[in-house]
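# Residue-level structure breakdown
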Amino acid sequence: MCGIVGYVGERDAAPIIVESLVRLEYRGYDSAGVATIHEGRLYVEKDAGKLTEGGEPTDLQRRLKSLPGKIGIGHTRWATHGDPTRENAHPHTDCRDRIAVVHNGIIENFSELRQELEERGHRFTSETDTEVVPHLIEEFMSEGKSFFDAFVEAVKRLEGSYAIAAICVDEPDVILAARKESPLVVGLGEDGNFLASDIPAILPETNEVIPVDDGEVVVVKRDEVKILDAETLRDVTDEKEVQVVEEDPHRLERHGYPHFMLKEIHEQPEAVRNTLTIERDRLVEMAEELARGEYRRLYIVACGTSYHAGLGAKYAMEMLARFPVDVVIASEFRYVTRELVDEETLVLAISQSGETADTLAAVREANERGATTIALTNVVGSTITREVDHVMYTHAGFEKAVAATKTYTAQLAAMYTLTVELARRLGELTDKEAEEYHEELDRVPEMLERVLEWEREREVAVLGGRYKERPNWFFIGRGPGYPTAMEGALKLKEITYQHAEAYPAGELKHGPLALIEEGVPVVAVAQRGGVYEKMLANIEEVKARGATVITVAEEGDENVEEHSDHVIRVPRISEVFSPIVYTVPLQLLAYYMSVARGIDPDYPRNLAKSVTVE
Ligand code: AGP
């Protein structure tokens, strides 16, 4: 996963490109680079390292911004082929430094192409797959082809996934781009035009965007944008819809919070409120679709945190609507479960970004087998929205931190609303009961505001600091508490680098209990409800073996005190909806432990926000 940007217009390109790259850093941040053209010469500056450190511009950022010229392309990298070094950073150039290319994706046939090009005398300077592209363009241009024709020919030779942008000193007023299975949008500005991997990168510059589809080539000039079918070269520009994005670009700033993650944690009341209100009618429509009874089975497919939202939805659908659900990790679904998909299958994909490669591949498999597909995503115009039969949105606002927080609780809010309506239609809830559940969901934003009161937050922050050196953590829960435990463990792993395991508490005795000894931290999710007593027994069980127990429980629950070292209190909520509230202190625990360990939680090592490669 990487981010790419391009600008051609009246202003200096490099500062615009670099600012956009900073906004794209969530897609990768192990190296960055920019190429511009000025007075017939190509300028390239790139290196390993980040563009910002602790919110401040780095030396690399200053160097990139200093390039001259009104046209340029830029890249922020998350290494797939080759270590994060200066040589492997993009842009990559041809032998004569006349063509520069940035790329997001993986070129699967790069070894063959490289060998072929080396045999023809091309000199390579990096270990990347991308470097074949400028050399291919150079090769075709050496046969007398124009930059455009050579670019199109080069793209035809590529196998794999790509969003590519290229510039060439021979045609210093045009950026060429192409897309296959990696996101790419065009931005239409007043004094120039833009290209980017996603909308937020260019949102402060323009809110008029055209999503580029697979198999399209884009020609971007200062006052003209053309989109063509890469195979036939038919001009499809007039068929493309210009989307006007309503998101306020100021929301993309940190607003005094030390990290985006903390800001986004605090935006959860609003994210849930907006999702419950703005999306309500659409969720009701989708509940009707599910209730029609035309489907033999429902698969929810997703990755990471979105998968945990799927698990939360499964518990709700099975508990409230008695509607059986299979939740499958998208990377497993695309190769194994797909065999079971047919026209009577409904596949609901959850993806905050709408760009996750495994989830998109699962959707494509489902479409090919005739299933009906639905997406729940946070990003308007994302790839997934164009690939499914029905779209539902969360309204969490743009999420920048790698660790998902507000999009998770917004996903749960959407899925719970859908579930209540489904249960009503299936006769599992009376109208009165359904309304009571909706009223409870409407109170969730207020509950989250209470969880996020500073007095409570500070207690969690203290725990994060106190236990920051404990290397092995267990998160246990039962029923809907289990997805909460899983999400708590994932947050801890990704931003504190401490090992964490989540288990259904009843499973401990089948193995993991052997690992519990003096001082091992166990976070117990102890919501009131059908499995509460059992959970208390599990807490006792780990405490008896010396664990340091941190229990999340509702206000006023005194039973949990006896066997817990610490109790984190949350407002009362029905067991079935408990993940939407109980997860929030666990996000805070991971956040404060990360900061106490000297890690930047917004940019955890080896991870990127959107995983657009397999
Ligand atoms: C969440 O904290 C992770 N960074 C990651 O697991 C994420 O949820 C996963 O990659 C799925 O992303 P998506 O929702 O954009 O598809």
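Computed from a predicted model, the values in this text were never measured in an experiment.

Procedures and definitions
- Residues numbered from 1 in each chain as written.
- Predicted model: local features only at pLDDT ≥ 70, side-chain atom pairs only at ≥ 80, totals over all residues.
- Heavy atoms only, no water.
- Pairing = 2+ DSSP bridges.
- Helix = DSSP H or I, 4+ residues; strand = E, 2+ residues; numbered from the N terminus.
- Axes fitted to C-alpha atoms, helices over the stretch in contact; angles between N-to-C directions.
- Contact = heavy atoms within 4.5 Å.
- Parallel < 35°, antiparallel > 145°, perpendicular 65-115°, else oblique.
- Nonpolar A, V, L, I, M, F, W, Y, C, P; charged D, E, K, R; others polar.
- Domains from an automatic or database assignment.
- Buried area = accessible area lost by both parts, 1.4 Å probe.
- Salt bridge = Lys/Arg side-chain N within 4 Å of Asp/Glu carboxyl O.
- Polar contact = N/O pair within 3.5 Å; in protein donor to acceptor, adjacent residues only side chain to side chain.
- Buried < 20%, exposed > 50% of the residue type's maximum accessible area, 1.4 Å probe, protein only.
- Right-handed = clockwise from strand over helix to strand, strands pointing away.

For the rest of this paragraph, the subject is the sheet that holds strand β25 (residues 548-554). Reading across from one edge, β23-β22-β24-β25-β26 is the order of the five strands in this open sheet, with parallel pairing throughout. Here the strands that pair on one side only, and so sit at the sheet edges, are β23 (499-504) and β26 (566-570). Strand-to-strand twist in this sheet, taken as the mean axis angle between neighbours without regard to direction, amounts to 20 degrees. Where strand β22 (residues 472-477) meets strand β24 (residues 521-525), four bridges bridge the pair, whose relative direction is parallel. Counterpart to Phe 475 in the pairing with β24 is Val 523. With respect to the sheet, helix α16 (residues 481-496) is in contact with β22, β23 and β24, its orientation differing from that of β23 by roughly 175 degrees.

Relative to each other, helix α8 (residues 268-278) and helix α14 (residues 431-451) sit at 170 degrees, their axes nearing to 8 Å. The pairing of α8 with α14 is recorded here as roughly antiparallel in orientation. Residue-level contacts link Gln 268, Pro 269, Val 272, Arg 273 and Leu 276 of α8 to Leu 441, Asp 442, Val 444, Pro 445, Leu 448 and Glu 449 of α14. Of the residues contributing to the contact of α8 with α14, the split by class is seven nonpolar, one polar and three charged.

This paragraph deals with the domain arrangement of the protein. Taken domain by domain, the protein holds domain 1 (3-251), domain 2 (254-452) and domain 3 (453-603). Each of domain 2 and domain 3 has a C-alpha centre, and these two points are 24 Å apart. Of the residues lining the interface, 41 residues belong to domain 2; the matching set on domain 3 comes to 38 residues. Between domain 2 and domain 3, roughly 3,300 Å² of surface is buried when both sides are summed, and carbon and sulfur atoms account for 68% of that area. At the boundary of domain 2 with domain 3, the tally comes to one salt bridge. Measuring nitrogen to oxygen at the nearest pair gives 2.7 Å for the salt bridge that ties Arg 450 to Glu 555. Our count for the domain 2 to domain 3 interface comes out at 16 residue pairs in polar contact (both at pLDDT 80 or more). Elements with a contribution of two residues or more to the side of domain 2 that touches domain 3: α7 (260-266), α8, α10 (304-320), α13 (406-425) and α14. Looking at the side of domain 2 that touches domain 3 element by element, the count peaks at 10 residues for α10. Looking at the side of domain 2 that touches domain 3, its residues break down into 28 nonpolar, nine polar and four charged.

This part covers the pattern of salt bridges. Scanning all chains against the criterion turns up 56 salt bridges. In this structure, the salt-bridge partner of Arg 222 is Glu 10, at a minimum N-O distance of 2.3 Å. Residue Arg 222 is found in the loop between β14 (216-221) and β15 (224-229), and its partner Glu 10 is found in the loop between β1 (3-9) and α1 (13-24); the two are separated by 212 residues along the sequence. Using a relative accessible area of 48% as the deciding quantity, one classes Glu 10 as partly exposed. Asp 565 serves as the salt-bridge partner of Lys 543, at 2.8 Å between the closest nitrogen and oxygen. Here Lys 543 is found in helix α17 (residues 532-543), whereas its partner Asp 565 is found in the loop between β25 and β26, with 22 residues between them in sequence. The exposure class assigned to Asp 565 is partly exposed, which follows from its relative accessible area of 37%. The network of salt bridges with common partners includes Glu 288, Glu 421, Arg 424, Arg 425, Asp 431 and Glu 435.

Looking now at the pairing of β25. Burial analysis of β25 places seven of its seven residues in the buried class, the great majority of the element. Burial along β25 is two-sided: the residues Thr 548, Ile 550, Val 552 and Glu 554 and Val 549, Thr 551 and Ala 553 are all buried. In this view, the connection linking β24 to its parallel neighbour β25 by way of α17 has right-handed handedness. In this structure, β25 lies alongside β26, joined through five bridges in parallel fashion. Its bridge partner lying in β26, Ala 553 is registered against Arg 569.

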